[in-house]
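Structure assessment
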Amino acid sequence: MSKRDDLIAKYASDLKDKCGVKPDMDLLTKVTIGCGPSIYNRDSATVSSSDEKELATVRNNFLKKKLGVKSDADADKAIDAVMDTYGRSNKSKYRAVVYYLLTKHFKKESVYK
């Protein structure tokens with residue numbers, strides 16, 4: 001297996017074990033590929049739920065630019081819900097998992113088709 005395949009398996013495990021979600025592996029793979037090389041860097045591979053700058057990056061660069069979410073309030077509510085689902089006390093919130101959950105939240109799977 002490639003490094004990316006190993007990471008996708010890890011993300012699928014997080015979705016099942018930490019979020020209680022049965023992952024759509026095709027979508028998870030596409031979201032992971034969409035994250036680009038950031039998944040290989042320890043710092044950029046995760047999202048800190050306590051860092052406002054980090055959450056603004058998720059809102060602006062992913063939700064607005066990639067998924068086309070218009071409202072900051074809707075984006076912030078969704079990020080908050082995803083962080084609750086993932087578990088705020090969980091230190092390692094993988095970016096690909098957060099993006100996957102946000103994609104599902106907004107029913108924007110078609111962006112990755």
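See above for the structure.
Residues numbered from 1 in each chain as written. Predicted model: local features only at pLDDT ≥ 70, side-chain atom pairs only at ≥ 80, totals over all residues. Heavy atoms only, no water.

1. What about the packing of aromatic side chains?
- According to the stated counting rule, one finds 2 aromatic pairs in the structure shown.
- Centroid distance tyrosine 11 to tyrosine 94: 5.2 Å. Interplanar angle 50°. Geometry classified as tilted. A residue pair is termed long-range when its members are at least 10 positions apart, and tyrosine 11 in helix α1 (residues 3-17) and tyrosine 94 in the loop between α4 (72-86) and α5 (95-105) qualify at 83 residues. When sorted by exposure, tyrosine 11 lands in the same class as tyrosine 94, which is buried.
- Between the aromatic rings of phenylalanine 62 and tyrosine 99, the centroid separation amounts to 3.9 Å while the plane-to-plane angle is 10°, which identifies the pairing as stacked. Separated by 37 residues along the polypeptide, phenylalanine 62 in helix α3 (residues 52-64) and tyrosine 99 in helix α5 bring together distant segments of the chain. For the pair shown, phenylalanine 62 and tyrosine 99 are each scored as buried. (Phe/Tyr/Trp six-rings, centres within 6.5 Å; stacked < 30°, edge-to-face > 60°. Helix = DSSP H or I, 4+ residues; strand = E, 2+ residues; numbered from the N terminus. Buried < 20%, exposed > 50% of the residue type's maximum accessible area, 1.4 Å probe, protein only.)

2. Structural notes on unusual backbone geometry
- One non-glycine residue, lysine 107, lies in positive phi territory at about 55°.
- Mapped onto the secondary structure, lysine 107 falls in the segment after α5.

3. Structural notes on the nonpolar core
- Judged by nonpolar contacts, the single largest core of 34 residues is most densely connected at Tyr11, Leu63, Val97, Val98 and Leu102.
- Secondary-structure elements contributing two or more residues to this core are α1, α2 (25-34), α3, α4 and α5.
- Of the residues forming this core, the biggest block, 7 residues, is contributed by α5. (Core = buried A, V, L, I, M, F, W, Y, C linked by side-chain atoms within 4.5 Å.)

4. Focus: the environment of leucine 27
- One can find leucine 27 in helix α2.
- Spatially, the C-alpha atoms of leucine 27 and lysine 104 are 9.4 Å apart, while their sequence positions differ by 77 residues.
- If near-sequence neighbours (up to four positions away) are discounted, leucine 27 is found in contact with Tyr100, Thr103, Lys104, Glu109 and Tyr112. (Contact = heavy atoms within 4.5 Å.)

5. Side note on the pattern of salt bridges
- Considering all chains together, one arrives at 9 salt bridges under this definition.
- Across the salt bridge formed by arginine 95 and glutamate 54, the nearest N and O atoms sit 2.4 Å from each other. Of this pair, arginine 95 sits in helix α5 while glutamate 54 sits in helix α3, placing them 41 residues apart in sequence.
- Close ionic contact of arginine 59 with aspartate 72 constitutes a salt bridge, the shortest N to O distance being 4.0 Å. (Salt bridge = Lys/Arg side-chain N within 4 Å of Asp/Glu carboxyl O.)

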